[in-house]
Amino acid sequence: MDKQVACSRLDVCTGDITKLDVDAVVNAANNTLLGGGGVDGAIHKAAGPELLDLTRTLGGCPTGEARVTPGFRLPARWIIHTVGPVWRGGDQGEPDLLRRAYRNSLQLAREKGVRTIAFPAISTGVYGYPKAPAARIAVEEALLAADNFERILFCAFSQGDESIYRQVIEELCK
Ligand code: AR6
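Right, let's walk through the structure included here. (Residues numbered from 1 in each chain as written. Predicted model: local features only at pLDDT ≥ 70, side-chain atom pairs only at ≥ 80, totals over all residues. Heavy atoms only, no water.)

Focus: the packing of helix α4 (residues 94-111) against helix α5 (residues 131-145)
Stage number 1. Running from N to C, α4 and α5 cross one another at 35°; their axes reach a closest spacing of 9 Å. Here the hand of the crossing between α4 and α5 comes out right-handed. Contact residues: Pro 95, Leu 98, Arg 99, Tyr 102, Arg 103 and Leu 106 in α4; Ala 134, Ile 137, Ala 138, Glu 140, Glu 141, Ala 142, Leu 144 and Ala 145 in α5.
Stage number 2. Taken together, the residues that form the contact of α4 with α5 break down as 10 nonpolar, no polar and four charged. (Axes fitted to C-alpha atoms, helices over the stretch in contact; angles between N-to-C directions. Helix = DSSP H or I, 4+ residues; strand = E, 2+ residues; numbered from the N terminus. Left-handed = near helix turned anticlockwise from the far one by under 90°. Contact = heavy atoms within 4.5 Å. Nonpolar A, V, L, I, M, F, W, Y, C, P; charged D, E, K, R; others polar.)

Considering the sheet that holds strand β1 (residues 10-14)
Stage number 1. If you trace the six strands from one edge of the open sheet to the other, you get β1-β6-β5-β2-β4-β3, paired in mixed fashion. Edge positions in the sheet fall to β1 and β3 (66-70), since each of these pairs with one other strand and no more. On average, adjacent strands in this sheet sit at an angle of 25° to one another, irrespective of strand direction.
Stage number 2. The sheet contact formed by strand β2 (residues 24-28) and strand β5 (residues 116-119) spans two bridges and is parallel. Counterpart to Val 25 in the pairing with β5 is Ala 118. (Pairing = 2+ DSSP bridges.)

Comments concerning the site of the ligand
Stage number 1. In the region of the ligand, 21 residues are neighbours, and Asn 30, Gly 37, Val 39, Asp 40 and Gly 125 sit closest.
Stage number 2. A distance of 2.8 Å separates an oxygen atom of the ligand from a polar side-chain atom of Asn 30.
Stage number 3. Between Val 126 and the ligand, the recorded distance is 2.8 Å, taken from a backbone N or O atom to an oxygen atom.
Stage number 4. Compared with its free state, where it exposes 700 Å², the ligand has 89% of that area covered by protein.
Stage number 5. Of the residues contributing to the shell around the ligand, the split by class is nine nonpolar, nine polar and three charged. (Near = heavy atom within 4 Å. Polar contact = N/O pair within 3.5 Å; in protein donor to acceptor, adjacent residues only side chain to side chain. Areas by Shrake-Rupley, 256 points an atom, 1.4 Å probe, with all protein chains shown as cover.)

Some thoughts on the nonpolar core
Stage number 1. With 37 residues, the main nonpolar core has Ile 117, Phe 119, Val 139, Ile 152, Phe 154 and Tyr 165 as its most contacted residues.
Stage number 2. Take this core: its biggest share by element is eight residues, from α5.
Stage number 3. Val 139 has contacts with Leu 10, Phe 154, Tyr 165, Val 168, Ile 169 and Leu 172, leaving out every residue within four places of it along the chain.
Stage number 4. Counting 14 residues, the second-largest nonpolar core is a separate cluster that includes Leu 20, Leu 74, Ala 76 and Ile 79. (Core = buried A, V, L, I, M, F, W, Y, C linked by side-chain atoms within 4.5 Å. Buried < 20%, exposed > 50% of the residue type's maximum accessible area, 1.4 Å probe, protein only.)

Some words on the state of the cysteines
Stage number 1. The tally for this structure, following the rule as stated, stands at one disulfide.
Stage number 2. Each disulfide pairs two cysteine sulfurs, and for Cys 7 the partner residue is Cys 173, the sulfurs being separated by 2.0 Å. On the S-S bond that ties Cys 7 to Cys 173, the torsion sits near -95°, and the link is left-handed. Note that Cys 7 is positioned in helix α1 (residues 3-8) and Cys 173 in the segment after α6 (159-172), a separation of 166 residues in sequence.
Stage number 3. The thiol of Cys 13 is unpaired, and the distance to the nearest cysteine sulfur, on Cys 155, comes to 4.4 Å. (Disulfide = S-S within 2.5 Å.)

What follows is the structure in structure tokens.
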């Protein structure tokens with residue numbers, strides 16, 4: 001697909017991903033899929049207890065893979081749960097695992113017919129992945145998959161994080 005067309009399908013915003021009216025939101029989960037802090041905690045809280053009832057039956061998720069559930073009480077129809085890597089210095093396969101988390105999430109979303117999807121900054125909170133290289137992987141993978149989507153949204157949680165995404169997009173879309 002033409003790079004500029006792919007770029008035009010990307011968007012960035014700052015705010016709470018649980019409020020977004022998109023077909024799917026992505027959750028930065030852990031291997032248990034049983035909830036936690038950060039965006040995972042916010043998604044479980046907003047989706048309601050039915051989400052945990054369901055994720056208990058899924059048997060967890062290996063790092064780099066993704067699983068899908070309904071959105072329950074979220075505006076989003078689907079939640080794609082993925083598990084990014086814990087940052088251990090960068091030479092323990094972290095970039096590849098983060099890339100796979102994005103790629104598998106986008107693939108699963110595509111299989112569900114999702115047209116609009118929002119990602120949080122996977123692994124960059126509790127898991128400690130440096131923000132700029134993480135954003136670069138996110139944007140690269142989104143551009144590769146953009147022909148399958150109307151809109152791929154990066155939902156930052158601070159203005160500073162939003163500007164990191166904007167810089168990366170500017171760099172990769174020039
Ligand atoms: N909407 C959008 N982004 C958010 C929200 C929100 N409501 N809340 C936090 N963020 P983190 P990780 C941002 O720690 O690093 C959990 O306990 C946050 O500012 O949520 O992948 C899981 O159960 C940061 O930029 O996820 C795992 O154990 C980004 O989301 C572990 O944390 C990711 O931060 C996963 O760690």
